[in-house]
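Tertiary structure, described
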Amino acid sequence: MSLSVESRRKVAEFLLRIKAIELNPTAPFTWASGRRCRCACHPSGRRLAWSTGKACSSRAPIPRPSVRTFTRQLCVEEIESRFGKIDAIAGVATGGIALGALVAQELGLPFIYVRSKAKDHGLGNAIEGDLSVLSNVVVIEDLISTGQSSLKAVAALREAGVEVKGLLAIFTYGFDVAEAAFAEANCMWSTLTDYSTMLDQAM
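This is a predicted model, so every value here is computed, not measured. (Residues numbered from 1 in each chain as written. Predicted model: local features only at pLDDT ≥ 70, side-chain atom pairs only at ≥ 80, totals over all residues. Heavy atoms only, no water.)

Attention now goes to the side chain of Thr193. Among the structural elements, Thr193 can be located in strand E10 (residues 189–194). Under the relative-accessibility criterion, Thr193 is labelled buried at 0%. (Helix = DSSP H or I, 4+ residues; strand = E, 2+ residues; numbered from the N terminus. Buried < 20%, exposed > 50% of the residue type's maximum accessible area, 1.4 Å probe, protein only.)

Glancing now at the nonpolar core. In this structure, Ile79 and Ile89 are the most contacted members of the largest nonpolar core, which totals 28 residues. Sort the elements by how many residues they give to this core and helix H2 (residues 65–82) lands first, with five residues. By size, the runner-up hydrophobic cluster in this structure holds 23 residues, among which are Ile127, Val139, Val162 and Leu167. (Core = buried A, V, L, I, M, F, W, Y, C linked by side-chain atoms within 4.5 Å.)

Overall, the coordinates contain six salt bridges when judged by the stated rule. The residue Arg8 makes a salt bridge to Asp194 at a minimum N-O spacing of 2.8 Å. Of the two residues, Arg8 sits in helix H1 (residues 5–17) while Asp194 sits in strand E10, which places them 186 residues apart along the sequence. According to the relative accessible area criterion, Arg8 is buried, its value standing at 5%. In this structure, Glu78 engages Arg82 in a salt bridge whose closest nitrogen and oxygen atoms are separated by 3.0 Å. On the criterion of helical spacing, the pair formed by Glu78 and Arg82 is a turn pair, its members being four residues apart in helix H2. (Salt bridge = Lys/Arg side-chain N within 4 Å of Asp/Glu carboxyl O.)

Take the packing of aromatic side chains next. When we look at a pair of aromatic rings, we describe it by the centre distance and by the angle of the planes. Inspection of the entire model under this criterion finds five aromatic pairs. An angle of 90 degrees between the planes, with centres 5.2 Å apart, marks the rings of Phe171 and Tyr173 as edge-to-face. For the pair shown, Phe171 and Tyr173 are each scored as buried. Taking 5.6 Å as the distance between ring centres and 10 degrees as the angle between the ring planes, the aromatic pair formed by Tyr173 and Phe175 counts as stacked. For Tyr173, a relative accessible area of 7% puts it in the buried group. (Phe/Tyr/Trp six-rings, centres within 6.5 Å; stacked < 30°, edge-to-face > 60°.)

Turning our attention to the pairing of strand E8 (residues 136–144). In terms of burial, E8 is a largely internal element, nine of the nine residues being buried. Bridge analysis of strand E5 (residues 88–92) against E8 gives four bridges, and the strand direction is parallel. Bridging from a neighbouring strand, Gly91 pairs with Ile140 of E8. In terms of strand pairing, E8 meets strand E9 (residues 163–172) through eight bridges, oriented parallel. Looking across to E9, one finds that Val139 is bridged to Leu167. At this point the chain moves from E8, through helix H4 (residues 148–159), to the parallel E9, and the crossover so formed is right-handed. (Pairing = 2+ DSSP bridges. Right-handed = clockwise from strand over helix to strand, strands pointing away.)

Before going further, it helps to spend a moment on the pairing of strand E6 (residues 111–114). Of the two faces of E6, only the one carrying Ile112 and Val114 is buried; Phe111 and Tyr113 on the other face are not. Relative to E6, E5 runs parallel, the two sharing four bridges. Looking at the pairing, Val92 lines up with Val114 of E6. In terms of strand pairing, E6 meets strand E7 (residues 127–128) through two bridges, oriented antiparallel.

Here it is as structure tokens:
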């Protein structure tokens, strides 16, 4: 990991402070996948909590300017040090769109995004943006759990003839299944912080 421990702890601190991560040791959250976990993380600003039987949703992406600036700049540093020169940033819908656009703006690069599935109307696109002038991208995601949705976006880009130099996310739970999935897909990846760092910071 090229990011410093201090930087990873700072990201975790921000996520806890803006309640993008919620901890509930007594009543685990139920994820969309059916997994039960005492931590619910939606670093893009979308918080879904079913521990009380009700869903709470807030879609404002990384709401505070200081958090946006720090996160954007850290993403740029990590992309430049780990992935090198790229042609564009690709955000994964919907969590990676806001941060991906901010990072692309900072780098002065084009921005595209990848849907979870192709539209069933209009042009039927799974990828939005001009791919004709692109040869390689870094994919931006908000969260890695099992890695399946992120790698689905990577596969869609590869099928469209775009080289994916790697994927960068804000947070990972650190599941072995994600490590294995990214290795099998031969896709480099990195995150700004992770579950163990977040727990240390929370304590």
